[in-house]
Amino acid sequence: MDKKVLIPRERIRERVQELGVRLSEDYRGKEPVLIGILNGVVFFFVELVMAMSIPLRIDFIKASSYGSSMTSSGKIRLLKGLSLHVKNQDLILVEDIVDTGLTLKHILDNLRTQEPASIKICALIDKKERRKQPINLDYCGFTVNEGFLVGYGLDFNEQYRYLPDICVIE
Ligand code: IMP
């Protein structure tokens, strides 16, 4: 399958640094819990946390929506929930890509039942065009209109996660 670089590694690094600085300013004096949605988020998550300069805690959720196709099945399964207790905590939900929004909606509904003090969303990539659930991204790295993306943690059938750039499959 042919791949074209869409967002080079250096540009990703710069943008993630900016997001880390902004989050640190916005959450100064608090100790947020950053929640990564596995697996696609791993590269972004680590780079973001390392760009932050305030005390924080981390946890992970694993959900599955995509089988082996390029469109959301709409059926979201929670494969791993939180380990931390997040009641009255400030949560930052960290996601790789928001496409239809169905995955995030499901996870948000689940998190709200745990009565956190606040929940904000930080996504690396917003694919607005295909949104089915109105979800506001509080922090967003890049907006992309079309195409299926791989690299920097993003996969197609579990392939290409290792690529350092974000590429579009052609
Ligand atoms: P949504 O439920 O349609 O918003 O899909 C969100 C999830 O689908 C993301 O967390 C990704 O794992 C996956 N996904 C959506 N678009 C892409 C893409 O272009 N490349 C790789 N994974 C994607």
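Residues numbered from 1 in each chain as written. Predicted model: local features only at pLDDT ≥ 70, side-chain atom pairs only at ≥ 80, totals over all residues. Heavy atoms only, no water.

### Considerations on the overall build of the chain
Check the secondary structure of the chain and you find three helices and nine strands. In the chain, the succession of α and β elements from N to C terminus is β-α-β-α-β-β-β-α-β-β-β-β. For 170 residues, the compact-globule estimate of 2.2 N^0.38 gives 15 Å, and the C-alpha radius of gyration of the chain, at 15 Å, lies within 12% of that figure. Structurally, the chain occupies a C-alpha span of about 45 × 35 × 25 Å along its principal axes. Burial analysis of the chain (170 residues in total) assigns 48% to the buried set. In the form shown here, the chain has an accessible surface area of approximately 8600 Å², with 49% of it arising from carbon and sulfur atoms. Within the chain, the 23 negative side-chain charges are centred at a point lying 4 Å from the centre of the 24 positive side-chain charges. (Helix = DSSP H or I, 4+ residues; strand = E, 2+ residues; numbered from the N terminus. Rg over C-alpha atoms; globule rule 2.2 N^0.38 Å. Buried < 20%, exposed > 50% of the residue type's maximum accessible area, 1.4 Å probe, protein only. Areas by Shrake-Rupley, 256 points an atom, 1.4 Å probe, with all protein chains shown as cover. Lys, Arg positive; Asp, Glu negative; His and termini not counted. Charge placed at Lys NZ, Arg CZ, Asp CG, Glu CD.)

### What about the sheet that holds strand 9 (residues 166-169)?
Sheets are built from strands paired through backbone hydrogen bonds, the pairs being either parallel or antiparallel. Strand order in the open sheet formed by three strands is 1-9-8, and the pairing between neighbours is antiparallel. The outermost strands of the open sheet, each flanked by one partner alone, are strand 1 (3-7) and strand 8 (149-150). Strand direction decides the pairing type here: strand 8 and strand 9, joined by two bridges, are antiparallel. Note that in strand 9 the partner of L149 across the bridge is V168. (Pairing = 2+ DSSP bridges.)

### Brief notes about helix 1 (residues 9-26)
The end-to-end C-alpha distance of helix 1 is 26 Å, a good match for the 26 Å that 18 residues give at a rise of 1.5 Å each. All of the buried residues in helix 1 are I12, R15, V16, L19, G20, L23 and S24. (Expected span 1.5 Å × (residues − 1).)

### Looking at the pairing of strand 3 (residues 57-64)
As defined by bridge partners, strand 2 (residues 33-38) adjoins strand 3 across six bridges and the pair is classed as parallel. Across the sheet, I35 pairs through a bridge with D59, a residue of strand 3. Read as a crossover between parallel neighbours, the route from strand 2 over helix 2 (residues 42-50) to strand 3 is right-handed. Bridge count between strand 3 and strand 4 (residues 77-80): three bridges; the pairing is antiparallel. Counted as the bridge partner of K62 is K80 from strand 4. (Right-handed = clockwise from strand over helix to strand, strands pointing away.)

### A closer look at the pattern of salt bridges
Counted under the stated rule, the structure contains 14 salt bridges. For the salt bridge of R9 with E47, the shortest nitrogen-to-oxygen distance reads 2.9 Å. Taken together, the positions of R9 in helix 1 and E47 in helix 2 put the pair 38 residues apart, joining distant regions of the chain. Classification of E47 by relative accessible area gives buried; the value is 13%. A salt bridge links R161 to E158; the nearest nitrogen and oxygen atoms lie 2.9 Å apart. For R161, a relative accessible area of 16% corresponds to the buried category. (Salt bridge = Lys/Arg side-chain N within 4 Å of Asp/Glu carboxyl O.)

### What about unusual backbone geometry?
Here the bond from L38 into N39 is cis, since omega is -5 degrees, no more than 30 degrees from zero. Tracing the chain through its elements places N39 in the loop between strand 2 and helix 2. Phi is positive for E115, close to 50 degrees, though the residue is something other than glycine. Tracing the sequence through the fold places E115 in the loop between helix 3 (102-112) and strand 6 (118-126). In this structure, Y152 takes a positive phi of about 50 degrees despite not being glycine. Taking the relative accessible area as the measure of exposure, Y152 reaches 3% and is therefore buried.

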